[in-house]
Amino acid sequence: MSHAIKHLLIGGLIIMTTGIPNATTANEGDLKLTIVNPKNLYDPTRNGYSTAVIVPRGARLAYISGQGGQDSMGALSADFAVQVKQAYANLRSALDGLGARPDQVAKLTVFVVDHDMSKLEVLTRNVKDVFGDALPAQTLVPVPKLAIDPMLFEVEAIVMLE
């Protein structure tokens, strides 16, 4: 394979780019995520995510561990919707701690205990409340349980830092 061709695996989409010999690292102020939703694929934005997100060359990445629906005292509601809302509030606090904004999140992975389609509306509403039109790539993983038995939801993130 040619050294000039690089493969990027982003959200299940392979984007092939050719190397540009005189390319320079982006200036810090130019670091913006590029959202890619190919027209020949299902439009995922109505479900609260993008097909792929490109992180620019020269960006630093941070990985936020899974945030559950615990409040600041560690208490968990038994209600799925309450846990999801709190988990996204916790994610927002983690972003604040990094000095990052929601539009810098490239990828989310969410884990849902006993997922069914009735939970999708809650998930979509919350992700759109946090991210607006800057929807990150996202993967939902149905699981039988999480680290703590009452946990019903967890979200982790990959964030581009400026």
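Residues numbered from 1 in each chain as written. Predicted model: local features only at pLDDT ≥ 70, side-chain atom pairs only at ≥ 80, totals over all residues. Heavy atoms only, no water.

1. Describing the overall build of the protein chain
Next up, step 1: A tally of regular secondary structure across the protein chain gives 2 helices and 8 strands.
Next up, step 2: The order of α-helices and β-strands along the protein chain, N terminus first, is β-β-β-β-β-α-β-α-β-β.
Next up, step 3: Taken across its 162 residues, the protein chain has 38% of its residues classed as buried.
Next up, step 4: Across the protein chain, contacts joining residues at least 24 apart in sequence account for 72% of those joining residues at least 6 apart.
Next up, step 5: With the model as given, the accessible surface of the protein chain reaches about 9400 Å², and the carbon-plus-sulfur share is 55%. (Helix = DSSP H or I, 4+ residues; strand = E, 2+ residues; numbered from the N terminus. Buried < 20%, exposed > 50% of the residue type's maximum accessible area, 1.4 Å probe, protein only. Contact = heavy atoms within 4.5 Å. Areas by Shrake-Rupley, 256 points an atom, 1.4 Å probe, with all protein chains shown as cover.)

2. Focus: the packing of aromatic side chains
Next up, step 1: Under the definition given, this model contains 2 aromatic pairs.
Next up, step 2: Ring centres of Phe80 and Phe153 lie 6.3 Å apart, and the angle between their planes is 90°; this geometry places the pair in the edge-to-face category. Remark: Phe153 occurs in strand S8 (residues 153-161) and Phe80 occurs in helix H1 (residues 80-98); sequence separation between them is 73 residues. For the pair Phe80 and Phe153, a shared accessibility class is recorded, and that class is buried.
Next up, step 3: Summarising the aromatic geometry, the rings of Tyr88 and Phe153 are spaced 5.7 Å apart at their centres and angled 40° between planes, so their arrangement reads as tilted. Taken together, the residues span a long stretch of sequence, with Tyr88 in helix H1 and Phe153 in strand S8 at a distance of 65 residues.
Next up, step 4: Assessed through its relative accessible area of 2%, Tyr88 is described here as buried. (Phe/Tyr/Trp six-rings, centres within 6.5 Å; stacked < 30°, edge-to-face > 60°.)

3. As for the pattern of salt bridges
Next up, step 1: Taken as a whole and assessed by the stated rule, the structure comprises 5 salt bridges.
Next up, step 2: The salt bridge partner of Glu162 is Lys32, with a shortest N-O separation of 3.8 Å. With Glu162 in the segment after S8 and Lys32 in the loop between strand S2 (13-18) and strand S3 (34-36), this pair connects stretches of sequence that are 130 residues apart.
Next up, step 3: For Lys32, a relative accessible area of 47% puts it in the partly exposed group.
Next up, step 4: The salt bridge partner of Glu121 is Arg125, with a shortest N-O separation of 3.0 Å. Here Arg125 and Glu121 lie together in helix H2 (residues 120-131), a separation of 4 residues that amounts to about one turn.
Next up, step 5: Taking relative accessible area as the criterion, Arg125 reaches 38% and is therefore assigned partly exposed. (Salt bridge = Lys/Arg side-chain N within 4 Å of Asp/Glu carboxyl O.)

4. Here's the deal with the environment of Gly66
Next up, step 1: Mapped onto the secondary structure, Gly66 falls in strand S5 (residues 60-68).
Next up, step 2: Judged by relative accessible area, Gly66 falls into the partly exposed class, the value being 26%.
Next up, step 3: Expressed as a C-alpha distance, the spacing of Gly66 and Thr109, which sit 43 residues apart in the sequence, is 8.4 Å.

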